[in-house]
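Commentary on secondary and tertiary structure
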Amino acid sequence: MGNVLTIIFQRLALGLLTLLIVSVVIFVAVNLLPGDFAQSILGQAATPEAVASIRRDLGLDQPMVTRYFDWLGGALRGDFGSSFARANFASFSGTNSGATTVAEQIAPLFANTMFLAMVTAAIAVPFAIILGILAALYRNSVFDRATNIFTLSSISSPEFFLAYILILFFAVLNPIFPSLSTIFDDMSFSERLEKSMLPALTLTLVVTAHMMRMTRAAIINLLASSYIEMARLKGLSPMRVIVIHALPNALAPIINVIALNLAYLITGVVVVEVVFVYPGIGQLFVDSVKIRDIPVVQACCLIFATAFILLNLTADIMSILSNPRLRHPK
């Protein structure tokens, strides 16, 4: 047990170090983007004095190192600062509308993105595992070939192409689901689910192939094992052999690929949210990049990186716990 805890703490320490390095890359990359927020918001006719005044008010005149440590310290407390766009609007209008912090601005949209990711995972994970089991059970059959062609075609197609195909068939030709995902805070669960179904189906088509093929490959790799042969000699049905004996021992690689795809559901939803006008963090990220709202862009990137690293750490730890050979390396 102590060895397991040591390995877990080592993974967590590496995850924190990775996140620190990623935060530096995010901050430097975002601040090196071409263009200037103060100049773009004031327009071409802005005087140097006005630009300098806005840069001073927003803290953009400080050295990059100072701004990074201020931002990192605030991020550790859950304070990502204030949106440049909202703060600028407040300064011009004389209202308090810009007082909303970046965290308050992101929180409801991140909840929407998590809802979309959970709906997609609830559809994609069981669907992919069942397809993988059936493909392994009937390998080299017509079903196996058709499943591989379908999943490889879906993963090879861009997300926006799949989204428009689904809109054509399920919103235009057959109006089953709405083409735009308009989400409100006071919507019921069923209405929210209906609005999120087309984006969820699009993401399902994208992530199913990896999980299905990994499930299939992991199970087929175990079918030649001696204990599987013994189970067959006992007269067990092929489905029982795969589900009861092969699948539990194939969980480590399957867990890894599921975690990677769940990370994609959070970090890779930008295109899908833009196509369906889904009010999530991906849509906010694109809008903030357009207006060079640096605090919001940095916060979104850091949230994406944190989610990806945490899910990878979870997959790593669960693989170690599910496989004794990884807990006792030679």
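Just above sits the structure.
So, here is what we can say about the structure in this document.

**Considerations on the overall build of the chain**
- A count of helices and strands for the chain gives 16 helices and zero strands.
- Here the chain, with 330 residues, has 43% of them falling under the buried criterion.
- In the chain, the share of contacts with a sequence separation of at least 24, taken over all contacts with a separation of at least 6, comes to 71%.
- Surface accessibility of the chain: about 17400 Å² in total, with carbon and sulfur atoms responsible for 68%.

**What to know about a negative patch on the surface**
- Taken together, the side chains of D185, D186, E191 and E194 define an acidic patch exposed on the protein surface.
- You can call D186 exposed: its relative accessible area is 70%.

**Brief notes about the environment of L284**
- Tracing the sequence through the fold places L284 in helix α14 (residues 281-290).
- Under the relative-accessibility criterion, L284 is labelled buried at 11%.
- Measuring from C-alpha to C-alpha, the distance between L284 and L109 comes to 7.8 Å, with 175 residues separating the pair along the chain.
- L284 has contacts with Q105, I106, L109, V296 and C300, leaving out every residue within four places of it along the chain.

**Considerations on the packing of helix α10 (residues 226-233) against helix α11 (residues 238-249)**
- One way to put it is that α10 packs onto α11 with a least axis distance of 10 Å and a crossing angle of 170 degrees. With respect to α11, the axis of α10 lies roughly antiparallel. The segment α10 lies against α11, with Y227, I228, A231 and R232 engaging V241, H245, A246 and N249.
- For the contact of α10 with α11, the per-class residue count stands at five nonpolar, two polar and one charged.

**Here we look at the packing of aromatic side chains**
- Throughout the structure, instances matching the rule amount to six aromatic pairs.
- Ring centres 5.5 Å apart and planes at 70 degrees place the aromatic pair F27 and Y68 in the edge-to-face group. Of this pair, F27 sits in helix α1 (residues 2-31) while Y68 sits in helix α4 (residues 64-76), and the two are 41 residues apart along the sequence.
- Taking the relative accessible area as the measure of exposure, F27 reaches 3% and is therefore buried.
- Considering the side-chain rings of Y68 and F69, the 5.3 Å spacing of their centres and the 70 degrees angle between planes classify their relative orientation as edge-to-face.
- Exposure remark for F69: the relative accessible area of 53% places this residue in the exposed category.
- In textbook terms, an aromatic cluster arises when at least three aromatic residues are bridged by ring pairs, as seen for F27, Y68, F69 and W71.
- A cation over an aromatic ring shows up here: R192 above the ring of F115, its NZ or CZ 5.7 Å from the ring centre.

Cut-offs applied
- Residues numbered from 1 in each chain as written.
- Predicted model: local features only at pLDDT ≥ 70, side-chain atom pairs only at ≥ 80, totals over all residues.
- Heavy atoms only, no water.
- Helix = DSSP H or I, 4+ residues; strand = E, 2+ residues; numbered from the N terminus.
- Buried < 20%, exposed > 50% of the residue type's maximum accessible area, 1.4 Å probe, protein only.
- Contact = heavy atoms within 4.5 Å.
- Areas by Shrake-Rupley, 256 points an atom, 1.4 Å probe, with all protein chains shown as cover.
- Patch = residues over 30% accessible without salt bridge, like charges linked within 9 Å, V, L, I, M, F, W, Y side chains within 5 Å.
- Salt bridge = Lys/Arg side-chain N within 4 Å of Asp/Glu carboxyl O.
- Lys, Arg positive; Asp, Glu negative; His and termini not counted.
- Charge placed at Lys NZ, Arg CZ, Asp CG, Glu CD.
- Axes fitted to C-alpha atoms, helices over the stretch in contact; angles between N-to-C directions.
- Parallel < 35°, antiparallel > 145°, perpendicular 65-115°, else oblique.
- Nonpolar A, V, L, I, M, F, W, Y, C, P; charged D, E, K, R; others polar.
- Phe/Tyr/Trp six-rings, centres within 6.5 Å; stacked < 30°, edge-to-face > 60°.
- Lys NZ or Arg CZ within 6 Å of the ring centre and 35° of its normal.

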